[in-house]
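Fold and contact review
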Amino acid sequence: MRAWLAYRRMRLLLSAEINRDLAQDAGLSEADYDVLSNLTTTDDRRRLSELAARMQWSKSRLSHHITRMEQRGLVRREEVDGDARGSFVVLTPQGRRTIEQAAPGHVASVRRHLMDRLTPEQIRVLGEIGDVVLGPLEDRGHDPED
């Protein structure tokens, strides 16, 4: 019980601290950063449905968030040839600059609030725990629409 409660409290407080730093340093929300970082790993574009699945969001929720990011010039939508209902989310040059400027501060925040507080052995064990827990969950292919 102690481990579960500590994990839940740590997850909440750690997320709040890192998100606060991200907002102050880069003017981005965690969701903004997640969208931008996912696009930089896929040739700056991804189908909206694939991005929603990767982020564990409904397509509707992501679509609304993408609209707000479009208004800020961070991303744009492109039609998918032969699929009237599908669209790509594409990283704009401004979005690329924004994520490149935000990443070093975000990494520093993660280090400051988590990694630097752990020993190398604890970091190794944390990685192993992540692999053990995430493996079966990722294999199930969670669909946020379900």
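Residues numbered from 1 in each chain as written. Predicted model: local features only at pLDDT ≥ 70, side-chain atom pairs only at ≥ 80, totals over all residues. Heavy atoms only, no water.

Before going further, it helps to spend a moment on the packing of aromatic side chains. By convention here, two paired aromatic rings are described through the distance between centres and the angle between planes. Counting across every chain of the model gives one aromatic pair. Between Arg45 and the ring centre of Phe88, over which it is positioned, the NZ or CZ distance is 3.9 Å. (Phe/Tyr/Trp six-rings, centres within 6.5 Å; stacked < 30°, edge-to-face > 60°. Lys NZ or Arg CZ within 6 Å of the ring centre and 35° of its normal.)

Turning next to the side chain of Asp21. Along the chain, the position of Asp21 falls in helix H1 (residues 2-26). Polar contacts involving the side chain of Asp21 include one to the side chain of Ser109, which spans 2.7 Å. Here Asp21 is in contact with Ala26, Ser109, Arg112 and His113, once residues within four sequence places are set aside. (Helix = DSSP H or I, 4+ residues; strand = E, 2+ residues; numbered from the N terminus. Polar contact = N/O pair within 3.5 Å; in protein donor to acceptor, adjacent residues only side chain to side chain. Contact = heavy atoms within 4.5 Å.)

Further remarks concern the packing of helix H2 (residues 30-40) against helix H3 (residues 48-55). Running from N to C, H2 and H3 cross one another at 125°; their axes reach a closest spacing of 11 Å. With respect to each other, H2 and H3 are oriented oblique. Judged by the sense of rotation from one axis to the other, the crossing of H2 with H3 is right-handed. Contact residues: H2 offers Ala31, Asp34, Val35 and Asn38, while H3 offers Leu51, Arg54 and Met55. Across the contact of H2 with H3, the residue classes tally to four nonpolar, one polar and two charged. (Axes fitted to C-alpha atoms, helices over the stretch in contact; angles between N-to-C directions. Parallel < 35°, antiparallel > 145°, perpendicular 65-115°, else oblique. Left-handed = near helix turned anticlockwise from the far one by under 90°. Nonpolar A, V, L, I, M, F, W, Y, C, P; charged D, E, K, R; others polar.)

What follows deals with the nonpolar core. With 21 residues, the main nonpolar core has Val35, Leu36, Leu62, Ile66 and Val75 as its most contacted residues. Within the residue set of this core, elements represented by two or more residues are H2, H3, helix H4 (59-71), strand S3 (83-91) and helix H5 (93-113). Residues within four places of Leu62 in sequence aside, it is in contact with Val35, Leu48, Leu51, Ala52, Met55 and Trp57. (Core = buried A, V, L, I, M, F, W, Y, C linked by side-chain atoms within 4.5 Å. Buried < 20%, exposed > 50% of the residue type's maximum accessible area, 1.4 Å probe, protein only.)

Reported here for the largest pocket is a volume of approximately 1300 Å³. The wall of the largest pocket is formed by 22 residues, among which Tyr7, Met10, Arg11, Leu14 and Leu114 lie closest to the centre. With eight residues, H1 is the largest single contributor of residues to the lining of the largest pocket. When its residues are assigned to classes, the lining of the largest pocket shows 14 nonpolar, five polar and three charged. (1 Å grid on protein atoms, 1.4 Å probe; cavity = no way out; pocket = protein on both sides within 12 Å on 5 of 7 lines; lining within 4 Å. Points joined across faces, edges and corners; volume = space filled by probe spheres on them.)

With that settled, the discussion passes to the pattern of salt bridges. This structure, assessed with the given rule, holds ten salt bridges. For the salt bridge of Glu70 with Arg77, the shortest nitrogen-to-oxygen distance reads 3.1 Å. By relative accessible area, which is 28% here, Glu70 ends up partly exposed. Between Arg96 and Glu100 there is a salt bridge, with the nearest N and O atoms lying 3.7 Å from each other. One end of the pair is Arg96 and the other is Glu100, both in helix H5 and four residues apart, which spans about a single turn. Residue classification places Arg96 among the partly exposed positions, given a relative accessible area of 25%. Through salt bridges with shared partners, one network takes in Asp44, Arg96 and Glu100. (Salt bridge = Lys/Arg side-chain N within 4 Å of Asp/Glu carboxyl O.)

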